[in-house]
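# Summary of structural features
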Amino acid sequence: MISYANENRDEVRELIKKGKARRKRQRVIFIVSMLIIPVIQFLIFYVYININSFPLAFQKKNVYFNKVEWVGWQNFEKVFREIRSNNETGILGRAIFNSILYFVFSTFLMTPLTIFFAFFFWKKMPGYRIFRFTFLLPSLMPGVVLPMLFSFMLDSTTGVLTPLLRDLGLGHLIPVNGWLGTYETAQTMIILYMFWSGCGTSIMLMSGNINRLPVEIFESARLDGIKLFQELWYLVIPMILPLFSIMIVSGVNTVLGIYLPPMLLTKGGPGGSTKTIAYIIMDWTTQGEEGVAAAAGLLFSAIAIPLVFGLKAFLEKITPEVQY
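Conventions used here
- All residue numbers refer to positions counted from 1 along the written sequence of the respective chain.
- In view of the model being predicted, local features appear only for residues whose pLDDT reaches at least 70, and side-chain atom pairs are presented and counted only at 80 or more, with totals across whole chains, interfaces and linings using the full set of residues.
- The side-chain quantities take in all heavy atoms of the structure and omit both hydrogens and water.
- Note on conventions: DSSP H or I runs of at least 4 residues are helices, E runs of at least 2 residues are strands, and numbering of each starts at the N terminus.
- Just to be clear, the radius of gyration here is over C-alpha atoms, and the globule rule we use is 2.2 Å times residues to the power 0.38.
- The contact rule is simple, with two residues in contact once any of their heavy atoms fall within 4.5 Å.
- Among buried residues, the Ala, Val, Leu, Ile, Met, Phe, Trp, Tyr and Cys ones that are joined through side-chain atoms within 4.5 Å form a nonpolar core.
- Relative accessibility thresholds used throughout: buried, under 20% of the residue-type maximum; exposed, over 50%; partly exposed, between the two (1.4 Å probe, protein chains only).
- Known as pLDDT, the predictor's confidence for each residue is given on a scale from 0 to 100.
- The salt bridge criterion pairs a side-chain nitrogen of Lys or Arg with a carboxyl oxygen of Asp or Glu, the two atoms within 4 Å.
- A helix is expected to reach a length of 1.5 Å times the quantity of its residues less one.
- Note that bend, as reported per residue, equals the angle between axes fitted to the 7 residues terminating at that residue and the 7 residues originating from it.
- When we speak of the arc, we mean the arc of directions from the helix axis to the C-beta atoms.
- Helix axes use the C-alpha atoms of the stretch in contact, all axes being lines fitted to C-alpha atoms, and the angles between their N-to-C directions lie in the range 0 to 180 degrees.
- Comment on the angle field: the value is read as roughly parallel under 35 degrees, roughly antiparallel over 145, roughly perpendicular from 65 to 115, and oblique elsewhere.
- By convention the crossing between two helices is left-handed if the near helix lies anticlockwise of the far one by an angle smaller than a right angle, and right-handed if it lies clockwise.
- Gly is placed with the polar residues, together with every amino acid not listed as nonpolar (Ala, Val, Leu, Ile, Met, Phe, Trp, Tyr, Cys and Pro) or charged (Asp, Glu, Lys and Arg).
- Paired rings are identified among Phe, Tyr and Trp, the last through its six-membered ring, by centres lying within 6.5 Å, and are further divided according to the angle between planes into stacked (under 30 degrees), edge-to-face (over 60) and tilted (the rest).

Turning our attention to the overall build of the protein. Check the secondary structure of the protein and you find 14 helices and 2 strands. The C-alpha atoms of the protein give a radius of gyration of 28 Å, which is well past the 20 Å a tight globule of 324 residues would have. Reported as C-alpha extents along the three principal axes, the dimensions of the protein are approximately 100 × 75 × 45 Å. Nonlocal contacts in the protein, meaning residues at least 24 apart in sequence, comprise 64% of its contacts between residues at least 6 apart.

Generally speaking, a soluble globular protein has its nonpolar side chains buried in company with each other. Phe 121, Phe 135, Phe 195, Ile 203, Met 206, Leu 213 and Val 236 are the most contacted members of the largest nonpolar core, which totals 41 residues. Contributions of two or more residues to this core are made by α3 (92-122), α4 (128-140), α5 (145-154), α7 (183-211), α8 (215-223), α9 (228-239) and α10 (241-251). At 10 residues, the largest contribution of residues to this core is made by α7. When residues no more than four places from it in sequence are discounted, the contact partners of Phe 135 are Phe 117, Phe 121, Phe 195, Cys 199, Gly 200 and Ile 203. Of all hydrophobic cores here, the second largest spans 21 residues; its members include Phe 103, Ile 280, Ile 281 and Leu 299.

In this section: the confidence of the model for the protein. Averaged over all residues, the pLDDT of the protein is 80; the fraction at 70 or higher stands at 92%. For the protein, the element scoring lowest by mean pLDDT is α4, at 74; helix α13 (residues 277-286) scores highest, at 88.

According to the stated counting rule, one finds 4 salt bridges in the structure shown. Put simply, Lys 78 and Glu 289 hold a salt bridge, and the shortest N to O gap is 2.4 Å. You can see Lys 78 sitting in helix α2 (residues 74-84) and its partner Glu 289 sitting in the loop between α13 and α14 (290-318), a full 211 residues away along the chain. By relative accessible area, which is 21% here, Lys 78 ends up partly exposed. Residue Glu 289 is classed as partly exposed on the basis of its relative accessible area, which comes to 24%. The residue Arg 222 makes a salt bridge to Glu 231 at a minimum N-O spacing of 3.5 Å. The exposure class assigned to Arg 222 is partly exposed, which follows from its relative accessible area of 41%. A residue is classified by how much of its surface remains accessible, and Glu 231, at 3% relative accessible area, is buried. One network of salt bridges, in which partners are shared, links Lys 123, Arg 222 and Glu 231.

Okay, α7 next. Here α7 contains 29 residues, and its C-alpha end-to-end distance of 43 Å stays within 8% of the 42 Å for a straight helix at 1.5 Å per residue. Its axis deflected by about 45 degrees at Gly 198, α7 carries its strongest bend there.

Moving on, we get to unusual backbone geometry. In this structure, Pro 270 follows Gly 269 across a cis peptide bond, with omega equal to -5 degrees. Its location among the elements puts Pro 270 in the loop between α12 (260-265) and α13. Unusually for a residue other than glycine, Lys 267 sits at a positive phi of about 55 degrees. With respect to the element layout, Lys 267 can be found in the loop between α12 and α13. Owing to a relative accessible area of 64%, Lys 267 belongs among the exposed residues under this scheme.

Here we come to α2. Considered for burial, the residues of α2 that qualify are Asn 75, Phe 76, Val 79 and Glu 82. The buried residues of α2 occupy one face: seen down the axis, they fall within an arc of 115 degrees.

Bringing the packing of α3 against α10 into the picture now. It is at 10 Å that the axes of α3 and α10 come closest, and there the two elements cross at 155 degrees. Judged on the interaxial angle alone, α10 and α3 are roughly antiparallel. Note that α3 runs across α10; the crossing there is right-handed. Every residue of α10 that contacts α3 at Phe 103, Thr 107, Phe 108, Thr 111 and Ile 115 is listed here: Phe 244, Met 247, Ile 248 and Gly 251. Across the contact of α3 with α10, the residue classes tally to 6 nonpolar, 3 polar and no charged.

Among the secondary structure elements, Asn 98 is positioned in helix α3. A residue is classified by how much of its surface remains accessible, and Asn 98, at 0% relative accessible area, is buried. Not counting residues up to four positions away in its chain, the partners in contact with Asn 98 are Gln 187, Ser 273, Thr 274, Lys 275 and Thr 276.

Moving on, we get to the packing of aromatic side chains. A complete count under the given rule lists 12 aromatic pairs for this structure. Judged by centre distance (6.0 Å) and plane angle (45 degrees), the rings of Phe 119 and Trp 122 are tilted. Within this pair, Phe 119 and its partner Trp 122 are both found in helix α3, separated by 3 residues, close to a single helical turn. The class of Trp 122 is partly exposed, set by a relative accessible area of 22%. Feature note: the residues Phe 58, Trp 73 and Phe 76 constitute an aromatic cluster, connected by ring pairs.

The subject of this paragraph is the environment of Pro 38. Tracing the backbone shows Pro 38 in helix α1 (residues 2-56). By relative accessible area, Pro 38 is classed as partly exposed at 40%. Separated by 11 residues in sequence, Pro 38 and Arg 27 have C-alpha atoms that sit 18 Å apart.

Shown next as structure tokens:
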């Protein structure tokens, strides 16, 4: 009997061990299957493309003989010519200005506004639910629907803005070619779209950090008679400065990465006045000038990479470490 019981215990232990091994294999297979697609995507669309940009920047496709030729620094020379040129075929200088303008707006204007609105929602001031719904609604919509909706609102014939201005007696302010087709207003409309579409996500990010702040600090400050905006300026902002510095560093990506708003709203017009660096690089790629696009990408990356690391080191030096 004792021998039979020992054999049963050994069989049970063996079954438990096999079950654990099977569950471990299943877990490994599940993790690998979840990671394999993003890893392949990273290797193809980031590692391969970026490595391939180096030889591509010194090459040019000969359409007559259907072969690739080495052209030395010609692609880089074209990029510099595009920067210096001011006509419609050379608008890279304007695109650089636009990209920097969008970065300055999204980082140094929109971020302080999102901090204020997040604080406003956190304090649950009168009407905060309506404002929160208004700001968060665009962030819940698909990215392609937003520019279509925004363009419809600004349409000179069917949009809601045109009749509103006419009813207020301000019809003379409506541009003849439309808000998105006029040189003086197209850039402003893109900036307004960026604020309208991106503010909700930033507010949610800020609200999450403000909600994590210690309640005891604010209760103690209220006992000392702190005012509302003093609470924002002396308590909230200093404690979320690390997040603000992260947003500034990540905002540098706007300079080289933004192209969807001008592409979907104005198609880079009028006269290419709203194009960005990424937009022009994409144009070169679709027009068969991959070598020039690669040269421009390497050139701007060589400027942006040390700028990002230098800015990060500077902000880490001046931003106090906050622990709570």
